[in-house]
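Structural characterization, general
Single-letter residue listing:
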Amino acid sequence: DLIGAITTQGVGGSVERMANVASMKSHGFEFTLSTRNIESRNFQWSTDFIFGYNKTEVTDFKSRSRVFDLISGVGFAREGYPVRGLFSIPFEGLDSDGFPIFGFNGKTVTKANYGSLNLQQSTDVDFLKYEGPTDPTITGSIGNIFTYKNFRLNVFVTYSGGNKVRLDPMFRSSYSDLDATPKDFKNRWVLPGDEKVTDIPVMASSFERNQYANLSIAYNSYNYSTARIASGAFVRLKEVSLSYDFPKEWLKSTPISSVGLKIQGTNLALLYADSKLNGQDPEFFRSGGVSAPVPKQFTLTLKVGF
């Protein structure tokens, strides 16, 4: 029951219609472990560990997948692969002038024949390299709670992995004052010999754009090649909170029954992520059409009971 676009005969004026185009199977498990590590009169330490695994596979697919559908980064269905599998154009390095070389339809594509790069074809997509699913296969968390007398410290870490991320497009046809060139350009090809130490193409000059046809297609293909893939795994310090409950003896002569003070920080740090992301957040990558991650938040709470 996977809904997607399917090509029809065009009766009614529309060639592509939404339909039940595929079937899939999925399986997984979740493991939870709660432990009491230390139990004493004044100090306690407990841990909650969660590990989840999930895998999907498309078993039947009745539509066609274009090259661009498979490489765009959002994931697309293909029989025998996860429901949101990610593929890439094989990148074979840079030539002596810093221009990208690709493997496309079993042929080596250089600046002499960039016009053969057809990202809209759907008849042959077997040459694409499968990178992995865009959805994490592993998710979980680790929470530790430390209690000392009236103090309580909670440290909560989340993690995820098993998926791949398409890096933001590096090359565009033009840049304006409203967008900055990516910092990856620091490591681009500049001088002959750089093709041995970098996989980032040269920034083509006006002369080269006129000399070589279809450079825009080549650079756009580089954005969707194997060179622009990173691991989506991450470990995030999700929450740290410290609370203190005032001793009830302090409140005996008052109408107040309890007073508690708590300071809490949320989304404090990304402890681990692939260095190729260069600042992209793997957890909030293009989620719901919004790429901005949740900002750090700090909360101070005073709780008074009567």
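Scroll up to find the structure.
1. Brief notes about the nonpolar core
Most often, soluble globular proteins have nonpolar side chains that are buried together. With 31 residues, the main nonpolar core has I71, F99, F102, Y114, L128 and Y222 as its most contacted residues. Secondary-structure elements contributing two or more residues to this core are α1 (67–71), β5 (91–94), β6 (100–104) and α3 (215–223). Among the elements that make up this core, the one with the highest residue count is α3 (four residues). Leave out the neighbours within four places in its chain, and I71 touches L86, F87, S88, I89, L119, L128, R166 and Y224.

2. Structural notes on unusual backbone geometry
In this model, N214 sits at a positive phi of 65 degrees, which is unusual for a non-glycine residue. As for its placement among the helices and strands, N214 is situated in the loop between α2 (206–211) and α3. Positive phi is not limited to glycine here, since N267 has a value of about 55 degrees. Along the chain, N267 falls in strand β14 (residues 258–273).

3. A few points about the sheet that holds strand β7 (residues 107–109)
Read across the open sheet, the three strands follow the order β5-β6-β7; overall the sheet is antiparallel. With partners counted over all chains shown, the strands left at the sheet margins are β5 and β7, one partner each. The sheet shows a mean angle of 20 degrees between the axes of neighbouring strands, direction not considered. Sheet topology places β5 next to β6; two bridges connect them, and they run antiparallel. When the sheet's bridge partners are listed, L94 is paired in β6 with P100.

4. A short note on the pairing of strand β4 (residues 85–88)
Alternating positions in β4 separate into two faces, G85 and F87 on one and L86 and S88 on the other, with burial throughout. Relative to strand β8 (residues 129–133), β4 runs antiparallel, the two being bridged by four bridges. Note on β8: the bridge partner recorded for L86 is G132.

The rules behind the values
Here the residue numbering is sequential within each chain, running from 1 through the sequence in written order. Given that the model is predicted, a residue must reach a pLDDT of at least 70 before its local features are reported, and side-chain atom pairs must reach 80 or more before they are shown or counted; all residues, however, enter totals for whole chains, interfaces and linings. As a rule here, side-chain values cover all heavy atoms of the structure and leave hydrogens and water aside. Buried Ala, Val, Leu, Ile, Met, Phe, Trp, Tyr and Cys residues that are joined via side-chain atoms within 4.5 Å together make up what is termed a nonpolar core. The buried label applies to any residue whose accessible area, calculated with a 1.4 Å probe on protein chains only, is under 20% of its type's maximum; exposed applies above 50%, and partly exposed to all values in between. Helix numbering and strand numbering both begin at the N terminus, where a helix is a DSSP run of H or I of at least 4 residues and a strand a DSSP run of E of at least 2. Working rule for contacts: check all heavy atoms of both residues, and any pair within 4.5 Å makes them a contact. For two strands to pair, DSSP has to find at least two bridges joining them. Where helices are involved, their axes are fitted lines through C-alpha atoms of the stretch in contact, as for all axes, and angles between N-to-C directions lie from 0 to 180°.

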